[in-house]
Structures are given as structure tokens and as C-alpha cells.
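A structural walkthrough
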Amino acid sequence: MKLDHIGIATRSIEKGTKIWQDLFGFPLLALREVESQKLKIAIFDAGGGVRIELLEPKGEDSPVAKFLERRGEGIHHLCFAVKGIEKVLETLQSKGIKLVDEVPKRGVSAKKIAFLHPSSTNGVLIELCEK
Ligand code: ZN
């Protein structure tokens, strides 16, 4: 498992860009809109193969809007790249880890992604991805 990206919930990608790009110098790699999750995503290269993904909700019913309401801006999830994601999920589940996605779905920048439930991972939402 290798850290792939850190997802950060924000109310404003524009403001976030001032921190991550203008202040820290991380180049903006992409700006995307994900209709299925009602999200705007800005992806920055944080070096060492790790990206920062800013997540801004596009509507009140976006899962990230609910997160912002409950917890405010901050780290939303960590994503680790794995090989053989189905097998990894099966192994984790057999060890008692609660899965949000039992079957991987298509991600924004990865072929397959799946989330683990924060209740079994120290309160941290963890995403696994396979490129
Ligand atoms: Zn992610």
C-alpha cells in the first residue's frame, strides 16, 4: 500500500488553490466536476507521487456538503494505491474491517476505487485505488 492522495473538504476550491498552489507551490494537475457525487475536484501534485485533492460540494446533497456541515473544512480521506483491489477488500473484510464499497467502483483518476468505513479505521475514511 502506498499513499496516493489526500482528500481535503473545502468550501472554496478558489481559496484552497491560493494555499496549495500559490503558497506551497504544488502545481495544479486537473480540475474536474463529478456529477455523480456533486463535486468539484482540484488535483495538485504534492511531490513524491502524492497528490492533494480539494473537494468542493456542488450542492447541499453532496456527501462532502454533509461532511463540511458536521466537521468543517479539513482532511476528508486518505487514499492508498493497491494492486489487486478485490483481493485486498476481501482480506480486509475477513479481518473485520467494515467496507463502504464491497465492489470497487470507477474513480475520477483511478480505474477502481473503494472506501473503507471510518468506524473500523481509527475514524479515518480510507479510500483504496487501483490504477
Ligand atoms: Zn480520493
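Here's a quick rundown of the structure. All of these numbers come straight from a predicted model, not from anything done at the bench.

Structural notes on the pairing of strand β1 (residues 2-9)
With 6 of its 8 residues buried, β1 lies for the most part within the structure. Inspection of the sheet shows β1 paired to strand β5 (residues 74-81) by 7 bridges, in the antiparallel sense. Bridging from a neighbouring strand, Ala 9 pairs with Gly 74 of β5. Where β1 and strand β4 (residues 51-57) come together, 5 bridges link them in parallel fashion. Within β4, the position partnered with Gly 7 by the bridge is Glu 53.

Notes on helix α2 (residues 63-71)
Every buried residue of α2 is listed here: Val 64, Ala 65, Phe 67 and Leu 68. The buried residues of α2 occupy an angular sector of 160° when projected down its axis, which confines them to one face. The outward face of α2, more than 90 degrees from its buried face, is lined by the exposed residues Glu 69 and Arg 70. On its buried face, α2 sits against β1, β3 (39-45), β4 and β5. Looking at the residues trailing α2, positive phi occurs at Gly 72, about 80°.

Calculation criteria
Residues numbered from 1 in each chain as written. Predicted model: local features only at pLDDT ≥ 70, side-chain atom pairs only at ≥ 80, totals over all residues. Heavy atoms only, no water. Buried < 20%, exposed > 50% of the residue type's maximum accessible area, 1.4 Å probe, protein only. Helix = DSSP H or I, 4+ residues; strand = E, 2+ residues; numbered from the N terminus. Pairing = 2+ DSSP bridges. Arc of directions from axis to C-beta. Contact = heavy atoms within 4.5 Å.

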